[in-house]
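Listed below, chain by chain, are the residues.
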Amino acid sequence: MAPILTAAGEVLSSSVGFITAAKNLCADPEDTPTWQLIAMNSKKVSEAVRKLLEQITDKAPGQHECQEALELMQKYINMIDQATLGAISTTLQTRAESTLQGFSEQVVNALVGVEDALGALIAAAKTDPTKLGHQVTLVSSHAKPLVD
């Protein structure tokens, strides 16, 4: 929270400088140094607003967990792609620990878990963003059996 407050303070202080320069410019519109000061303060305000937006985005609830889930899901997609290529080229090794029915049940159970977790994720996004990180992690954990 401190970086966001610091960035907000920079927006305010640079805005004060801009407004002060604008006030001086009203008194003497031909003053070249004041026009330069306006330009400099305008740039400071823009940079401060950009920093504030970056801080808000970086510190958003669940940001870290969402990034981790995206990376994990990409890993799962790659695993499925490799299995698909193995199946096409008939190099996919069979697994003896279960039957087709057992694997099918595992997939169905995983999808039901993902569906339930997605419902909770949607609810958190609408009502309580502080729970987003946990809900995203839950969705990605339910997807793991799909690639096992």
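First, a word on what this report is: a plain description of the structure on this page. (Residues numbered from 1 in each chain as written. Predicted model: local features only at pLDDT ≥ 70, side-chain atom pairs only at ≥ 80, totals over all residues. Heavy atoms only, no water.)

**Quick word on the overall build of the protein**
Part 1 of the argument: Summing up its helical and strand segments, the protein has 5 helices and 0 strands in all.
Part 2 of the argument: Listing every helix and strand of the protein by position from the N terminus yields α-α-α-α-α.
Part 3 of the argument: Expected size for 148 residues packed as a compact globule is a radius of gyration near 15 Å; at 27 Å, the protein overshoots this value by more than 25%.
Part 4 of the argument: With the C-alpha coordinates of the protein rotated into their principal frame, the extents come out at 85 × 35 × 20 Å.
Part 5 of the argument: Out of the 148 residues belonging to the protein, those deemed buried represent 20%.
Part 6 of the argument: Taking contacts inside the protein between residues at least 6 apart in sequence as the whole, the part at least 24 apart equals 65%.
Part 7 of the argument: Accessible area of the protein: about 10400 Å², with a carbon and sulfur share of 63%.
Part 8 of the argument: Separation between the mean location of the 11 positive side-chain charges and that of the 17 negative ones in the protein comes to 5 Å. (Helix = DSSP H or I, 4+ residues; strand = E, 2+ residues; numbered from the N terminus. Rg over C-alpha atoms; globule rule 2.2 N^0.38 Å. Buried < 20%, exposed > 50% of the residue type's maximum accessible area, 1.4 Å probe, protein only. Contact = heavy atoms within 4.5 Å. Areas by Shrake-Rupley, 256 points an atom, 1.4 Å probe, with all protein chains shown as cover. Lys, Arg positive; Asp, Glu negative; His and termini not counted. Charge placed at Lys NZ, Arg CZ, Asp CG, Glu CD.)

**A closer look at helix 5 (residues 132-143)**
Part 1 of the argument: End to end, helix 5 covers 17 Å across 12 residues, agreeing with the expected 16 Å (1.5 Å per residue, within 8%).
Part 2 of the argument: Turning to helix 5, the residues buried within the fold contact helix 3 (63-88) and helix 4 (100-127). (Expected span 1.5 Å × (residues − 1).)

**Some points on the nonpolar core**
Part 1 of the argument: Membership of the largest hydrophobic core is limited to 11 residues, which are Ala69, Tyr76, Val114, Ala117, Leu121, Ala124, Leu132, Val136, Val139, Ala143 and Val147.
Part 2 of the argument: Membership of the second largest hydrophobic core comes to 5 residues, among which are Ile4, Val11, Ala48 and Leu52. (Core = buried A, V, L, I, M, F, W, Y, C linked by side-chain atoms within 4.5 Å.)

**Brief notes about the environment of Leu132**
Part 1 of the argument: Here Leu132 lies in helix 5.
Part 2 of the argument: Each C-alpha atom of the pair Leu132 and Ala120 lies 9.1 Å from the other, and the pair is 12 residues apart in sequence.

**A short note on the side chain of Ser14**
Part 1 of the argument: With respect to the helices, strands and loops of the structure, Ser14 is situated in helix 1 (residues 2-27).
Part 2 of the argument: Overall, Ser14 belongs to the buried group, its relative accessible area being 8%.
Part 3 of the argument: For Ser14, the residues in contact, after removing those within four places along its chain, are Asn41, Lys44, Val45 and Ala48.

**Remarks on the packing of helix 3 against helix 5**
Part 1 of the argument: For the pair helix 3 and helix 5, the least separation of the axes is 9 Å and the interaxial angle reads 15°. Relative to helix 5, the element helix 3 lies roughly parallel. In this structure, helix 3 crosses over helix 5, and the sense of that crossing is left-handed. Contacts from Glu65, Cys66, Ala69, Leu72, Met73 and Tyr76 in helix 3 reach Gly133, Val136, Thr137, Val139, Ser140 and Ala143 in helix 5. (Axes fitted to C-alpha atoms, helices over the stretch in contact; angles between N-to-C directions. Parallel < 35°, antiparallel > 145°, perpendicular 65-115°, else oblique. Left-handed = near helix turned anticlockwise from the far one by under 90°.)

**Here's the deal with unusual backbone geometry**
Part 1 of the argument: With phi around 60°, Thr90 is a residue other than glycine that occupies positive phi space.
Part 2 of the argument: Within the element layout of this structure, Thr90 appears in the loop between helix 3 and helix 4.

**Topic: the pattern of salt bridges**
Part 1 of the argument: The final tally for this structure, using the stated rule, is 4 salt bridges.
Part 2 of the argument: A salt bridge links Lys51 to Glu10; the nearest nitrogen and oxygen atoms lie 4.0 Å apart. Here Lys51 is found in helix 2 (residues 32-58), whereas its partner Glu10 is found in helix 1, with 41 residues between them in sequence.
Part 3 of the argument: Judged by relative accessible area, which is 37%, Lys51 ranks as partly exposed.
Part 4 of the argument: For Glu10, a relative accessible area of 32% corresponds to the partly exposed category.
Part 5 of the argument: For Asp128, the salt bridge identified is with Lys131, shortest N-O distance 3.8 Å.
Part 6 of the argument: According to the relative accessible area criterion, Asp128 is partly exposed, its value standing at 24%. (Salt bridge = Lys/Arg side-chain N within 4 Å of Asp/Glu carboxyl O.)

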